[in-house]
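Survey of secondary and tertiary structure
If you want the building blocks of each chain, they are given just below.
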Amino acid sequence: METENLTVVTEFILLGLTQSQDAQLLIFVLVLVFYLIILPGNFLIIFTIVSDPGLTAPLYFFLGNLAFLDASYSFIVVPRMLVDFLSEKNVISYRSCITQLFFLHFLGAGEMFLLVVMAFDRYIAICRPLRYSTVMNPRTRYALLLALWLGGFTHSIVQVALILHLPFCGPNQLDNFFCDVPQVIKLACPDTFIVELLMVSNSGLLSLLCFLGLLASYAVILCRIRKYSSEGKNKAISTCTTHIIIVFLMFGPAIFIYARPFQAFPADKIVSLFHTVIFPLMNPVIYTLRNQEVKASMRKLLSQHKVF
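Residues numbered from 1 in each chain as written. Predicted model: local features only at pLDDT ≥ 70, side-chain atom pairs only at ≥ 80, totals over all residues. Heavy atoms only, no water.

**Some remarks on a nonpolar patch on the surface**
Short version of the rule: A residue counts toward a patch only above 30% relative accessible area and without a salt bridge, and it is joined to like-charged neighbours within 9 Å or, for Val, Leu, Ile, Met, Phe, Trp and Tyr, to nonpolar neighbours within 5 Å. Per-residue and other accessible areas were derived by the Shrake-Rupley procedure at a 1.4 Å probe size, with only the shown protein chains allowed to occlude residues. One side-chain nitrogen of Lys or Arg within 4 Å of one carboxyl oxygen of Asp or Glu is enough to make a salt bridge. Per the convention used, a helix needs a DSSP run of H or I reaching at least four residues, while a strand needs a run of E reaching at least two, with both numbered from the N terminus.
A contiguous nonpolar surface patch, about 370 Å² in accessible area, is contributed by L25, V29, V33 and I37. Mapped onto the fold, L25 is located in helix α1 (residues 21-51).

**As for the nonpolar core**
In plain terms, the rule: To qualify as a nonpolar core, a set must consist of buried Ala, Val, Leu, Ile, Met, Phe, Trp, Tyr and Cys residues joined through side-chain atoms within 4.5 Å. Remark: exposure states derive from per-residue accessible area (1.4 Å probe, protein chains only) relative to the maximum for the residue type, with buried under 20%, exposed over 50%, and partly exposed in between. We call two residues in contact when some of their heavy atoms are within 4.5 Å.
In this structure, F12, M81, I163, F168 and F251 are the most contacted members of the largest nonpolar core, which totals 96 residues. Ranked by residue count, the leading element in this core is helix α3 (residues 94-127), at 20 residues. Other than its neighbours up to four places away in sequence, F12 contacts N90, V91, I92, Y94, C97, F168, N172, L174 and L187.

**A closer look at the pattern of salt bridges**
Side chains carrying opposite charge are able to pair once their charged atoms draw close together. Evaluated as defined, the whole model comprises five salt bridges. Two residues, R122 and D121, come together in a salt bridge whose shortest N-O distance is 2.8 Å. Take R122 and D121: they sit in the same class, and that class is buried. Note that R260 and D268 form a salt bridge whose closest N and O atoms lie 2.5 Å from each other. Take R260: its relative accessible area is 15%, and that puts it in the buried class.

**Things to note about the state of the cysteines**
Applied cut-off: Only a pair of cysteine sulfur atoms within 2.5 Å counts as a disulfide in this structure description.
Enumeration according to the criterion identifies two disulfides in this entry. A disulfide bridge connects C97 with C179, and the sulfur atoms are separated by 2.1 Å. The disulfide joining C97 to C179 has a torsion of about -120 degrees about its S-S bond and is therefore left-handed. Taken together, the residues C97 in helix α3 and C179 in the loop between β3 (173-174) and α6 (181-186) connect sequence positions 82 residues apart. The exposure classification of C97 matches that of C179, with both residues buried. For C169, the disulfide goes to C189, at an S-S distance of 1.7 Å. Separated by 20 residues along the polypeptide, C169 in the loop between α5 (138-164) and β3 and C189 in the loop between α6 and α7 (193-225) bring together distant segments of the chain. For the protein, the bonded cysteines pair up as 1-3, 2-4 when numbered in the order they occur along the sequence. There is no disulfide at C127, and the cysteine sulfur nearest it, in C240, is 8.5 Å away. With a relative accessible area of 9%, C127 lands in the buried category. Of all cysteine sulfurs in the structure, the one in C240 sits closest to C210, which takes part in no disulfide; the separation is 18 Å. We classify C210 as buried; its relative accessible area is 14%.

**Thoughts on helix α10 (residues 292-304)**
Inclusion rule: Here the expected span of a helix is defined as 1.5 Å times the quantity of residues minus one. Here the arc refers to the set of directions running from the helix axis out to each C-beta atom.
Over its 13 residues, α10 runs 18 Å from end to end, which matches the ideal 18 Å to within 8%, given 1.5 Å per residue. What α10 keeps buried is the set V294, K295, S297, M298, L301 and L302. Down the axis of α10, the buried set is contained in an arc of 165 degrees. They therefore lie on one face. Of the exposed residues in α10, the ones pointing more than 90 degrees away from its buried face are Q292, K300 and Q304.

**Regarding the environment of T10**
By the secondary structure assignment, T10 is in the segment before β1 (11-14). When the C-alpha atoms of T10 and R95 are compared, they prove to be 8.0 Å apart, with 85 residues separating the residues in sequence. If we skip the residues at most four places from it in the chain, T10 touches S93 and Y94.

Here it is as structure tokens:
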């Protein structure tokens, strides 16, 4: 009988990172500077790989897609976050919230699967070098790319479908600076234990299994590298070390956020900031700074256009 008097939520109020005006201003400046410096770097990586005929190996093909995914991912949260810093009341409609959540998990899961594909690429290159050109042919590359996009879409649409079936009748305050599964689910009217369990299985368990699988695969690769010559060993170790760093940076925050009951912790917002703002922009840069071929090609490209 009481449910007839409940009001359906049509918008959410984002409480943001902090209520301190000074802290908000500092974070705004830091994020804006970081965004304006690093984001063009992602597009430079893409343009360098596309324009240089010497960077046609599968590794660079996947690195270019990684930069594209990260650049796209950063557009989901950061622009609105910067605008909200300058607004007195940060309101997001229900539809916009669901849309943001969908693309956040769509691109995030796509990137997670891309890291798995890149680990597979390194395994074939190092452990099966004679079969590498046959296995990682253009058709295989595009098939793997299509698979990771479909995987990301399936993962995200399941999340959204579960949330769309939940009634929201107030309160409507999201204790975060963007819409994400843990905070949105907590605002639903009914008991969400089963939905939370499904979400943890969909996001948290999947992240954990991929993380453990990637660590196991790179452990096997590093064991095989011991048989290489000194020069080949150093190059392979450098590449694998870069991948392992990215795996920890990507999956650490994801596991912390999604592989546990959706209860608020003091570190949640800081981890979310790193996961949605800092990491997506730094990811391709880390790869580039540790890849001599890409750096050399980038310097050549910039010198041709008299930028560097």
